[in-house]
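# Descriptive analysis of the structure
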Amino acid sequence: MTREEVFAGVNEVFRDIFDDEEITVGETTTADDIEDWDSLEHINLIVAIEKKFGMKFTMGEATGMKNVGAMVDIILERV
Amino acid sequence: MKCLEYPFAGEELLRRKKRIKKELLADGSVRISKKIAILGGSTTNDIRLMLELFLLHYGIAPEFYESEYNQYYEEAMFPGAELLAFAPDVIYIHTSCHNIMAFPQLTDTPEQIEAMLQAEYGRYCGMWEALAQRFGCIVIQNNFEYPAYRLLGSMDASDRHGKVNFVTRLNCLFYDYAGTHENFYIHDINYLSAAYGLERWADSFSWHMYKYCCNVSAIPDFAFSLAKIIKALYGKNKKGYVLDLDNTLWGGIVGDDGPENIEVGQETSMGQVYQAFQAYLKEQKQLGVLLNIDSKNEYENAMAGLEHPGGVLKKDDFIVVKANWEPKDKNLTDIAAELNLLPESLVFVDDNPAERAIVSAQVPGVAAPEIGTVENYIRVLDRCGYFEATGISADDLKRNAMYRENAQRTALQASFADYGAYLRSLLMKAEIRPFAPAWLARIAQLTNKSNQFNLTTKRYSQAEIAAVAADPAYLTLYGKLEDRFGDNGVVSVVIGRQEGDALFLDLWIMSCRVLKRDMECAMMDALAQRAGARGIRTIYGFYYPTAKNKMVRDFYGERGFSKVSQDTAGNTKWELSLAAYRPQNTVIQVEEEI
């Protein structure tokens, strides 16, 4: 799976979770860039992305990811 | 909405919950509003959001109050102004094993452990009593799931020092309380977590990251389980099954294979699994679930199949049998009409996905679950929770008998040319009296279940019914009806509020099981007589239209009221002067009060 494909999949999950078709996430997107992205939605994102890519984040990763690019790095290691 | 029917894709629901909510709110369905206060011992955010979806799906529009994180005890004992003003219909206490203050230590003596158990129980009991006193509303309390680890291994269950043992005994104390208190219900997360898989349930990631007491992926199952109790309490349970025969109640096609060759019974494993399914349905029948047949078969063949010695269900277990070549959706609506039920209160069970698709497309609101193959029937139907029990009334246990008696009445009616003569032949006797303690539960149940013969569709909790019964400003009546075929129990309820010499009818309902028996005339006579005795000169009735109560649109007109006003929504107000009242009932003997 290419980095672009992973981004496309991640983007799809973001659009569902925040019910916003306008969202386009990039390497440097953080919670500050998306209004509804609070800690309670974060867990839904994690769960939905795990399901989407058939992988699991460790707790350290889930708490330590700096931006969407870092999330995609981890996904690429696992799939 | 299909995606919210069991078996559902929980993770999809979590991911698409915002969109699903929008779609539910835009579907134009009429819903009852309920205020639900969630007092949490752990994070409740997604539980509330999922619960909302399932309740909307069940026809309930919830408004929520959510306590601050882990403030369940403080909120229950010392509710803030916001919760007091919220005036909840339901208080849900979301606690789990994580909220147990202290577990036994290995060095504790039996007396110390007993004291700990009582202290823990006492804390909860104190909350429930305080809530009952202050709010008088429904309280739903989680029991406890098993802990995530067992220090003593298997002995954790049997030794008093074990956490499993402690949780088990605490749960039993909760059940005893539930068994002796009204308006109090246990949400069984112990079973739920076991069914989900305790190892996946007790997800330390979800707990330590977000303080969810269960795996986030389990939240849809959690909310569904909770929603089932709430919808049951508000009369949204289904009332019966409409069952296919071939490959649903037995293996094979009775018309082709011959009744001796269908598979049901102990002889083969296939026969056993169908027999087990029949036995499951028979158990549900005891609970008051109505069993009916909708099968494409010659009637004689269907009956021959039911005579199979390996079958658990016999002809007499069913109320309405439609074995013919009509479309199944037509049979289903005919069955509903014969039972005086709405088609949406029935569950269609058929192994054939095409038949399920046709029935769900043709009959809006009917449930046609994806039951899978025969070895899955029981699991799927049981989890669907169409008949979730929140109390087992004598009425539930007798329901099948009552519907059978109704079928006998219909047969009798056919032999009378004159309907009045038929009614007189039933030898009906009624008891019509003010609300009495023995009937409060049934009265509250009726106010929540009656949709068709219901003038105002006002719902009452049992506590509210008790309050109305105790308030001298109210004139209350319940009506019980029996006849030569049996006792129908409490079937009608009227609530009027007196202001000076006027009486305003807040509620008038009747069970559809006694339609066209003139019970409403007997109730009207009793109302007029008791109102007169209280010095009332005028009775005012109100009709508020809903999607379901068209049958009583002109009810007050038929009782001799005149229409006073009508607004654009179709709400009507009616007036009856008691001065010229003439009794209306001629066929029911009303027992004098003792």
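Residues numbered from 1 in each chain as written. Chains lettered and ligands numbered in written order. Predicted model: local features only at pLDDT ≥ 70, side-chain atom pairs only at ≥ 80, totals over all residues.

### Looking at the overall build of chain A
On a plain count of helices and strands, chain A comes out with four helices and zero strands. Listing every helix and strand of chain A by position from the N terminus yields α-α-α-α. What you see for chain A is a C-alpha radius of gyration of 11 Å, in line with the 12 Å of a compact globule of 79 residues. Projecting the C-alpha coordinates of chain A onto the three principal axes gives extents of approximately 30 × 25 × 20 Å. Out of the 79 residues in chain A, the part that is buried amounts to 24%. Residue pairs in contact within chain A that sit at least 24 positions apart in sequence constitute 61% of those at least 6 positions apart. (Helix = DSSP H or I, 4+ residues; strand = E, 2+ residues; numbered from the N terminus. Rg over C-alpha atoms; globule rule 2.2 N^0.38 Å. Buried ≥ 20, exposed ≤ 12 C-beta atoms within 10 Å, placed from the backbone. Contact = placed C-beta atoms within 7 Å.)

### Quick notes on the overall build of chain B
Across its full length, chain B carries 24 helices and 17 strands. Relative to the globule expectation of 25 Å for 594 residues, the C-alpha radius of gyration of chain B, 26 Å, shows essentially globular dimensions. C-alpha extents for chain B along the principal axes are approximately 80 × 70 × 50 Å. A total of 594 residues make up chain B; the buried ones form 42% of that total. Considering only contacts in chain B between residues 6 or more positions apart, those separated by 24 or more positions represent 71%.

### Considering the environment of B:Met428
All names here are of chain B. Along the polypeptide, Met428 turns up in the loop between α20 (419-425) and β10 (429-433). Met428 sits 55 residues away from Asp483 along the chain, and the two C-alpha atoms are 4.3 Å apart. The residues contacting Met428, other than those within four sequence positions of it, are Leu481, Asp483, Arg517, Val587, Ile588 and Gln589.

### What about the packing of helix α1 (residues 3-17) of chain A against helix α4 (residues 68-78) of chain A?
Residue and element names in this part refer to chain A. Contact pair α1 / α4: the axes reach a minimum separation of 10 Å and the direction vectors enclose 115 degrees. In the packing of α1 onto α4, the handedness of the crossing is right-handed. Note on element contacts: α4 touches α1 through Val68, Met71, Val72, Ile75 and Leu76, opposite Arg3, Val6, Phe7 and Val10. Residues that form the contact of α1 with α4 fall into these classes: eight nonpolar, no polar and one charged. (Axes fitted to C-alpha atoms, helices over the stretch in contact; angles between N-to-C directions. Left-handed = near helix turned anticlockwise from the far one by under 90°. Nonpolar A, V, L, I, M, F, W, Y, C, P; charged D, E, K, R; others polar.)

### Regarding the domain arrangement of chain B
Segmenting chain B into domains produces domain 1 (2-233), domain 2 (240-384) and domain 3 (422-590). Summarising the inter-unit geometry, the C-alpha centres of domain 2 of chain B and domain 3 of chain B are found 37 Å apart. (Domains from an automatic or database assignment.)

### As for the sheet that holds strand β15 (residues 562-566) of chain B
Residue and element names in this part refer to chain B. Read from one edge to the other, the open sheet built from eight strands follows the order β15-β16-β14-β13-β12-β11-β10-β17, with strand pairing classed as mixed. The open sheet is flanked by β15 and β17 (589-590), the only strands paired with a single partner. Here β15 pairs with strand β16 (residues 572-577) via four bridges, running antiparallel. Within β16, the residue paired with Ser562 across the bridge is Glu575. (Pairing = 2+ DSSP bridges.)

### So, the confidence of the model for chain B
Confidence in the prediction for chain B averages 94 pLDDT; 100% of positions are at 70 or higher. Overall fold confidence for the complex sits at a pTM of 0.80, while the interface term, ipTM, reaches 0.88. (pLDDT = per-residue confidence, 0-100.)

### Structural notes on the interface of chain B and chain A
In this complex, chain B contributes 14 residues to the contact, which on the side of chain A involves 13 residues. Mapped onto the side of chain B that touches chain A, the elements with two or more residues apiece are α1 (10-15), α2 (17-25), α3 (45-57) and α11 (204-210) of chain B. If you tally residues by element for the side of chain B that touches chain A, the top one is α11(B), at four residues. Residue classes in the side of chain B that touches chain A are distributed as five nonpolar, three polar and six charged.

### Digging into helix α16 (residues 328-339) of chain B
All names here are of chain B. Between the first and last C-alpha of α16 there are 16 Å, a value that for 12 residues agrees with the 16 Å anticipated at 1.5 Å per step. Regarding α16, the residues found buried are Lys328, Asp329, Asn331, Leu332, Ile335, Ala336 and Leu339. Each buried residue of α16 lies within a common arc of 160 degrees when the element is viewed along its axis, so the set occupies one face. On its buried face, α16 sits against β6 (240-243), β7 (290-296), β8 (321-324), β9 (346-349), α17 (353-362) and α19 (394-414). Phi turns positive one or two residues past the end of α16, at Asn340, with a value near 60 degrees. (Expected span 1.5 Å × (residues − 1). Arc of directions from axis to C-beta.)

### A look at the environment of B:Met519
All names here are of chain B. Here Met519 is to be found in helix α23 (residues 519-533). Residue Met519 is classed as buried on the basis of its 25 C-beta neighbours within 10 Å. Distance in space between the C-alpha atoms of Met519 and Thr333 is 26 Å, their sequence separation being 186 residues. Each residue touching Met519, except ones within four places of it in the same chain, is listed here: Ala430, Gly479, Leu481, Val491, Ser492, Met510, Val514 and Ile588.

### A few points about unusual backbone geometry
Peptide bonds are, in most cases, trans, and in most cases residues other than glycine have a negative phi. Residues and elements named next belong to chain B. Following Tyr6, the chain continues into Pro7 via a peptide bond in cis, with omega recorded as -5 degrees. Along the chain, the position of Pro7 falls in the segment before α1. Phi is positive for Asn70, which is not a glycine, with a value near 60 degrees. The topology assignment puts Asn70 in the loop between β2 (60-66) and α4 (72-77).

### Focus: the sheet that holds β9(B)
Residue and element names in this part refer to chain B. Taken together, the four strands give an open sheet; going across it, the order is β8-β7-β6-β9, and neighbouring strands pair in parallel fashion. The open sheet has two edge strands, β8 and β9, and neither has a second partner. Pairwise comparison of adjacent strand axes, ignoring direction, gives a mean angle of 15 degrees for this sheet. Alignment of β6 against β9, held across four bridges, turns out to be parallel. Pairing of Gly240 across the sheet is with Leu346, part of β9. Running at roughly 150 degrees to β7, α16 makes contact with β6, β7, β8 and β9 of the sheet.

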